[in-house]
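Commentary on secondary and tertiary structure
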Amino acid sequence: MVKKEVIDEVTMKRALTRITYEIIERNYNIDQLVLVGIKTRGIYIARRIAQRLQQLENVQVPVGALDITLYRDDQKNLQDQPELYGSDIPTNLEGKEVIVVDDVLFTGRTIRAALDAIMDFGRPQKIALAVLIDRGHRELPIRADFVGKNIPTSSTEEIIVEMLETDGADRVLINKKGES
């Protein structure tokens, strides 16, 4: 199986707009929202959602960047010296409504690490999760509050999210593991 495009630029934009409208519908205090994107593509998705919130509600929602490298449970040997990119949270999270944003929800381990990392920046009143793609296969009891698209996959497939900011195009591909 060769890489197959399952979401194009227009569909991605629609999915992000749908997430934005759901955030508006479920959050009465938009001025208390903080979007925190998980590096790397989660940051770009969070920024796009913030732009749509600005357009629709005329409110500027702070956007932070979260590096979860040191919080991952698969980093057994710290002598491997993982590459750190650093987090950038532009506001105090104490008492805020934080929406963690990521590109793909898979096993839930990335989100568990993100929750641990966020607690180091303060204690939010509420934490929600927004993802562009939910592909299933959870290993932890974590679910997204806002989902752009559900794409059920087999364990031999991978989801590849490409974004204009890093990859030159907006699209989502599906690929059988081990193939390129």
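Residues numbered from 1 in each chain as written. Predicted model: local features only at pLDDT ≥ 70, side-chain atom pairs only at ≥ 80, totals over all residues. Heavy atoms only, no water.

1. Concerning the sheet that holds strand S6 (residues 146-150)
Strand order across the open sheet formed by 5 strands is S3-S2-S4-S5-S6, with parallel pairing between neighbours. Among the strands making up the open sheet, the edge pair consists of strand S3 (63-66) and S6. Ignoring which end each strand starts from, the neighbouring axes of this sheet average 25 degrees apart. Where helix H1 (residues 9-26) meets the sheet, it contacts strand S2 (33-38), strand S4 (97-105), strand S5 (126-134) and S6, and its direction lies at approximately 150 degrees from that of S6. (Pairing = 2+ DSSP bridges. Helix = DSSP H or I, 4+ residues; strand = E, 2+ residues; numbered from the N terminus. Axes fitted to C-alpha atoms, helices over the stretch in contact; angles between N-to-C directions. Contact = heavy atoms within 4.5 Å.)

2. Describing unusual backbone geometry
Omega for the peptide link from Lys39 to Thr40 comes to 10 degrees, which places this bond in the cis form. Tracing the chain through its elements places Thr40 in the loop between S2 and helix H2 (41-57). Despite not being glycine, Asn58 has its phi angle at roughly 55 degrees, a positive value. Among the structural elements, Asn58 can be located in the loop between H2 and S3. We classify Asn58 as exposed; its relative accessible area is 63%. Although it is not a glycine, His137 sits at a positive phi angle of roughly 70 degrees. (Buried < 20%, exposed > 50% of the residue type's maximum accessible area, 1.4 Å probe, protein only.)

3. Details of the UniProt feature "short sequence motif: PRPP-binding" (unreviewed entry) in the protein chain
With numbering matched to this structure, UniProt assigns "short sequence motif: PRPP-binding" (unreviewed entry) to residues 98-110. Regarding residues 98-110, the helix share stands at 15% and the strand share at 62%, and the terminal C-alpha atoms are separated by 16 Å. (UniProt positions renumbered as here; feature names shortened; annotations may be inferred.)

4. A word on H1
Taking 1.5 Å per residue, 18 residues should reach 26 Å; H1 reaches 26 Å between its end C-alpha atoms and fits that length. Burial in H1 covers these residues: Met12, Ala15, Leu16, Thr17, Ile19, Thr20, Glu22, Ile23 and Ile24. Here H1 starts with a cap whose side-chain oxygen sits 3.3 Å from the backbone nitrogen of Val10, and that cap is Asp8. (Expected span 1.5 Å × (residues − 1). Polar contact = N/O pair within 3.5 Å; in protein donor to acceptor, adjacent residues only side chain to side chain.)

5. Points about the sheet that holds strand S1 (residues 4-7)
One open sheet holds the 3 strands; their spatial order is S1-S8-S7, and the pairing between them is antiparallel. Looking at which strands have only one partner, the edges of the open sheet turn out to be S1 and strand S7 (157-162). Across the sheet, the axes of successive neighbouring strands diverge by a mean angle of 35 degrees, strand direction being ignored.

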